[in-house]
Amino acid sequence: MGREFSDKDKEIFNKLAPENGGTHMSEMGHPYPFILRPISHKIAEDSDDFRERLERLDGEELDYLAGLAMEGKEDIRSLDPEDVDSFFELVTEKVSEERAKELRIHLGIL
């Protein structure tokens, strides 16, 4: 069973996928265990759409997602490869190069 979304998780998910109408459930009726994976695999039309959605987030929100990934509560490795690149590019741009590097090392994505 996945983790339960906090209010902050829900806020970020809703910002990335407003068309979901505030639901954080899969088509099968299960709560999503992660924020970014369903955006990458089910909601975004393509990698450009995924990046445009991520650009809605500010540095604090991206840093929050990076922190969840460091804790194993957010899945970056299973995103589509272009989406992984977009995530790290935006963390570098809006948070810091050091934070992106720290997360890459932690996840073994070099």
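Please read all numbers here as calculations on a predicted model, not as lab measurements.

Draft legend 1. The side chain of Glu-74, seen in detail. Locating Glu-74 in the fold gives a position in the loop between α4 (59–70) and α5 (81–94). In terms of polar contacts, Glu-74 uses its side chain to reach the backbone amide nitrogen of Leu-36, at 2.8 Å. Dropping the residues within four chain positions of it, Glu-74 is found in contact with Arg-3, Phe-34, Ile-35, Leu-36, Arg-37, Leu-65, Leu-68 and Ala-69.

Draft legend 2. Representation of the packing of aromatic side chains within the structure. What the rule picks out here adds up to 3 aromatic pairs. Ring geometry for Phe-87 against Phe-88: centres 5.8 Å apart, planes inclined by 75°, an arrangement best described as edge-to-face. A relative accessible area of 1% places Phe-88 in the buried class. Grouping aromatic residues by their ring pairs yields a cluster made of Phe-5, Phe-13 and Tyr-32. When the ring centre of Tyr-64 is taken as origin, the NZ or CZ atom of Lys-8, which lies over that ring, is 5.5 Å away.

Draft legend 3. Region of interest: the environment of His-30. Within the element layout of this structure, His-30 appears in the loop between α1 (7–16) and α2 (36–43). Distance from His-30 to Gly-67, taken between C-alpha atoms, is 24 Å for residues 37 residues apart in sequence. Not counting residues within four places of it along the chain, the set of residues in contact with His-30 comprises His-24 and Met-25.

Draft legend 4. Up close: the environment of Pro-18. With respect to the element layout, Pro-18 can be found in the loop between α1 and α2. Pro-18 sits 80 residues away from Glu-98 along the chain, and the two C-alpha atoms are 31 Å apart. If we skip the residues at most four places from it in the chain, Pro-18 touches Arg-53 and Arg-56.

Draft legend 5. Here's a closer look at helix α6 (residues 97–107). Within the span of α6, buried status applies to Arg-99, Ala-100, Leu-103 and Leu-107. Taken down its axis, α6 places every buried residue within 100° of arc, on the same side. Exposed side chains of α6 directed beyond 90 degrees from the buried face belong to Glu-97, Glu-98 and Ile-105. For α6, the secondary structure elements touched by its buried residues are α4 and α5. Of the residues trailing α6, Gly-108 is marked for its positive phi of about 75°.

Draft legend 6. Examining the pattern of salt bridges more closely. Applying the stated criterion to the full structure yields 10 salt bridges. The partner of Lys-15 in a salt bridge is Glu-61, and the shortest N-O contact between them spans 2.9 Å. Remark: Glu-61 occurs in helix α4 and Lys-15 occurs in helix α1; sequence separation between them is 46 residues. Judged by relative accessible area, Lys-15 falls into the partly exposed class, the value being 30%. Note that Glu-102 and Arg-99 form a salt bridge whose closest N and O atoms lie 3.1 Å from each other. Taken as a pair, Glu-102 and Arg-99 lie in helix α6 at a separation of 3 residues, close to a single helical turn. Glu-102 gets classed as partly exposed once you look at its relative accessible area, which sits at 38%. Judged by relative accessible area, which is 17%, Arg-99 ranks as buried. Residues participating in the shared-partner salt-bridge network are Glu-19, Asp-49 and Arg-53.

Cut-offs used in this document
Position labels on residues start from 1 in each chain and follow its written sequence. Where totals are concerned, whole chains, interfaces and linings use all residues; where local detail is concerned, this predicted model gives features only for residues with pLDDT of at least 70, and gives and counts side-chain atom pairs only at 80 or more. The side-chain figures draw on all heavy atoms in the structure; neither hydrogens nor water molecules are used. A run of DSSP states H or I qualifies as a helix once it reaches four residues; a run of E qualifies as a strand once it reaches two. Both are numbered from the N-terminal end. By the criterion applied in these results, polar contacts are pairs of N or O atoms within 3.5 Å in which, for protein atoms, one can donate a hydrogen and the other can accept it, and in which residues neighboring in sequence qualify only through two side-chain atoms. In what follows, a contact means two residues having at least one pair of non-hydrogen atoms within 4.5 Å. Side-chain rings of Phe, Tyr and Trp (the six-membered ring for Trp) are treated as a pair once their centres are within 6.5 Å; stacked means planes under 30 degrees apart, edge-to-face means over 60, and tilted covers the remaining angles. Relative accessibility under 20% of the residue-type maximum defines a buried residue, over 50% an exposed one, and the middle range a partly exposed one, all with a 1.4 Å probe and only protein chains included. Either the NZ atom of lysine or the CZ atom of arginine qualifies as a charge over a ring when it sits within 6 Å of the ring centre and within 35 degrees of the ring normal. Along the arc lie the directions from the helix axis toward the C-beta atoms. Salt bridges are counted wherever a side-chain nitrogen of Lys or Arg sits within 4 Å of a carboxyl oxygen of Asp or Glu.

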